[in-house]
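# Remarks on the overall topology
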Amino acid sequence: DNQRALWMLGIGEFQQHRYANAAAHWRHLRDLLPEASALRETVAQKIGAAEAMAARPADVPTAPN
């Protein structure tokens, strides 16, 4: 439940293209933050970005010409 650790874990997962894991860490963090926290909106934006990336189809390599 360490807020800083959850933030950093999310960043690490996002950088490794493990977007669903990043979103999960950030959702946990969001749930720990008070409703009135200004950070909740920032975390919500990160969750949205990670979920959008997770929903994208995997890049399909193209065959060389």
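Bear in mind that the values here come from a model prediction, so they are computed numbers and not experimental data.

Once that is clear, we can look at the packing of aromatic side chains. To describe a pair of aromatic rings, you give the distance between the ring centres and the angle between the ring planes. This structure, assessed with the given rule, holds three aromatic pairs. An angle of 35° between the planes, with centres 6.1 Å apart, marks the rings of Phe14 and Trp26 as tilted. Here Phe14, found in helix H1 (residues 3-15), pairs with Trp26, found in helix H2 (residues 19-32); they are twelve residues apart in sequence, far enough to count as distant. We classify Phe14 as partly exposed; its relative accessible area is 27%. Aromatic rings pair up to connect Trp7, Phe14, Tyr19 and Trp26 into one cluster.

Let's shift gears to the packing of H2 against helix H3 (residues 39-55). Packing of H2 against H3 leaves a shortest axis separation of 8 Å and a crossing angle of 160°. On the basis of the axis angle, H2 is roughly antiparallel to H3. Note that H2 runs across H3; the crossing there is left-handed. Two secondary-structure elements touch here, H2 through Tyr19, Ala20, Ala22, Ala23, Trp26, Arg27, Leu29 and Arg30 and H3 through Arg40, Val43, Lys46, Ile47, Ala50, Glu51, Met53 and Ala54. Residue classes in the contact of H2 with H3 are distributed as eleven nonpolar, no polar and five charged.

What counts, and where the lines are drawn
Residues numbered from 1 in each chain as written. Predicted model: local features only at pLDDT ≥ 70, side-chain atom pairs only at ≥ 80, totals over all residues. Heavy atoms only, no water. Phe/Tyr/Trp six-rings, centres within 6.5 Å; stacked < 30°, edge-to-face > 60°. Helix = DSSP H or I, 4+ residues; strand = E, 2+ residues; numbered from the N terminus. Buried < 20%, exposed > 50% of the residue type's maximum accessible area, 1.4 Å probe, protein only. Axes fitted to C-alpha atoms, helices over the stretch in contact; angles between N-to-C directions. Parallel < 35°, antiparallel > 145°, perpendicular 65-115°, else oblique. Left-handed = near helix turned anticlockwise from the far one by under 90°. Contact = heavy atoms within 4.5 Å. Nonpolar A, V, L, I, M, F, W, Y, C, P; charged D, E, K, R; others polar.

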